[in-house]
Amino acid sequence: MQGIIAEAHERGFLTANALAGVMEELELSGAPTLSPFGLSMVGPLLMQFGSDAQKKRFLPKILAGEEVWCQGYSEPNAGSDLASLKLRAEDDGKGNFVMNGQKTWTTYAQYADWIFCLARTDPSAKKQEGIGFILVDMKTPGVTAKPFLTTGGTPAFSETFFENAVVPKDNLVGPLRGGWTIAKALLGHERTLIAAVGQSARTLRRLKRLASQTLSNGKSLLEDPGLRAKLARMEVKLRSLEMANYRALASAQLGNAPGPEASILKIRGSEILQQCFELAMEIIGHDSLAWFNEPGVVPASEQWIASAFNYTRATTIYGGSNEIQKNVIAKLILGLPSR
Ligand SMILES: Cc1cc2nc3c(=O)[nH]c(=O)nc-3n(C[C@H](O)[C@H](O)[C@H](O)COP(=O)(O)OP(=O)(O)OC[C@H]3O[C@@H](n4cnc5c(N)ncnc54)[C@H](O)[C@@H]3O)c2cc1C
């Protein structure tokens, strides 16, 4: 791990493989993971599409973790149909954009220093062709993050408002109308990461421990042939995902940005993680309901389960829902006509 970090400092950034290695090790050890928005999303993007000035300004601070980023893609009426986005970035003729509109579901925007946004730079162009990719300082007057609570009680998201926010045109990444290509490249990085192989591997390890400590009719649940078969099936699915992930990383090492195959990793990875927690709920049985209603009933060592079960409902939605990933695979990998 230290070798990877040292190499990153020498090169000025983490390679995709090194980063995946760091993330997997952190997940496996149960350490807090790093916020992905800078390191795994906008960082690799700037390396590919950024100007020299942008690379110099942003990459070292992303690597050092000194600036926190958030992602401004989704809008109230532009989720799966992202290209319908309405946030406007108008040229004021003085070297700036004036930005007006709203993003939503912006994870941890209230803690972020910067947001990377998709904004409409040419309203007269066709949907995908009039979009720019713009970096905005969250302290810009007119930019406001309003956190909202989830049912789990955590303020993980914000609505982010832009009211006459003046942003230098130097913060545009790539061409004025070229944001869609950049947006898709970023989603490739995001979806590879959502595969979360390390997190699922660690969860499976914890499941086996939990099953060995849980008694049913005086016997450890780990001796139950039905449960053993389910655990084995999860293990096999996870190993095959791991191999597919390595294939994608090997391709990245050859200089290829993650393409539509990242959608396969996203679907399988998010489903496996959900299934791991479904199995965990099955193992703790009715204690899982007590977690919601009767504090103190479930031992502290098991309290993570119901909470993680609930949170992982989101994995098949964020980063583009799994239904949309299936459409991507049908169109771009299988070559099926759109209906
Ligand atoms: C935990 C979490 C964190 C998030 N963080 C961020 C963030 O930081 N930044 C950000 O920009 N966004 C974020 N999002 C938003 C996320 O990207 C969107 O929720 C997602 O793209 C789906 O959009 P939507 O919620 O508008 O659903 P909709 O687009 O309204 O979709 C609703 C349902 O219809 C289905 N559907 C829609 N269109 C089709 C179609 N053509 N074919 C088949 N099925 C379809 C979808 O699969 C879904 O089941 C986050 C979401 C979650 C849950």
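Residues numbered from 1 in each chain as written. Predicted model: local features only at pLDDT ≥ 70, side-chain atom pairs only at ≥ 80, totals over all residues. Heavy atoms only, no water.

**Quick notes on the environment of Gln 274**
Move 1: Positionally, Gln 274 belongs in helix α8 (residues 262–284).
Move 2: For the pair Gln 274 and Thr 315, spaced 41 residues apart in sequence, the C-alpha separation works out to 7.7 Å.
Move 3: Those residues within four positions of Gln 274 in sequence are excluded, and the remaining contacts are Thr 312, Arg 313, Thr 315 and Thr 316.
Move 4: Looking at Gln 274, its side chain comes within polar contact range of the main-chain oxygen of Thr 312, at 2.9 Å.
Move 5: A polar contact of 3.0 Å, which involves the side chain of Gln 274, links it to the side chain of Thr 316. (Helix = DSSP H or I, 4+ residues; strand = E, 2+ residues; numbered from the N terminus. Contact = heavy atoms within 4.5 Å. Polar contact = N/O pair within 3.5 Å; in protein donor to acceptor, adjacent residues only side chain to side chain.)

**Concerning unusual backbone geometry**
Move 1: Phi is positive for Tyr 108, close to 55 degrees, though the residue is something other than glycine.
Move 2: Note on placement: Tyr 108 falls in the loop between β3 (96–107) and β4 (114–120).
Move 3: The phi angle at Asn 164 is positive, at roughly 50 degrees, despite the residue not being glycine.
Move 4: Examined against the element boundaries, Asn 164 turns out to sit in strand β7 (residues 157–168).
Move 5: By relative accessible area, which is 53% here, Asn 164 ends up exposed. (Buried < 20%, exposed > 50% of the residue type's maximum accessible area, 1.4 Å probe, protein only.)

**Notes on the site of the ligand**
Move 1: Ser 74, Ser 80, Thr 107, Ser 321 and Glu 323 are the nearest of the 20 residues found near the ligand.
Move 2: The backbone of Gln 71 places a nitrogen or oxygen atom 2.8 Å from a nitrogen atom of the ligand.
Move 3: In this structure, Ser 74 approaches the ligand through a main-chain N or O atom, which is 2.7 Å from an oxygen atom.
Move 4: In isolation the ligand has 970 Å² of accessible area, and contact with the protein removes 65% of it. (Near = heavy atom within 4 Å. Areas by Shrake-Rupley, 256 points an atom, 1.4 Å probe, with all protein chains shown as cover.)

**Concerning the pairing of β7**
Move 1: One ladder, built from 9 bridges, connects β3 with β7; its direction is antiparallel. Counterpart to Thr 107 in the pairing with β7 is Phe 157.
Move 2: Note: strand β6 (residues 143–148) against β7, 6 bridges, orientation antiparallel. Residue pairing across strands places Phe 148 opposite Phe 157, the latter belonging to β7. (Pairing = 2+ DSSP bridges.)

**A few points about the packing of helix α3 (residues 36–49) against helix α4 (residues 52–64)**
Move 1: In the contact formed by α3 and α4, the axes pass within 10 Å of each other and the chain directions differ by 160 degrees. In terms of their interaxial angle, α3 and α4 are classed as roughly antiparallel. With respect to the hand of their crossing, α3 and α4 are arranged in left-handed fashion. Contact with α3, carried on its side by Gly 38, Leu 39, Val 42, Gly 43, Leu 46 and Met 47, involves Gln 54, Lys 55, Phe 58, Leu 59, Ile 62 and Leu 63 of α4 and no other residues of that element. (Axes fitted to C-alpha atoms, helices over the stretch in contact; angles between N-to-C directions. Parallel < 35°, antiparallel > 145°, perpendicular 65-115°, else oblique. Left-handed = near helix turned anticlockwise from the far one by under 90°.)

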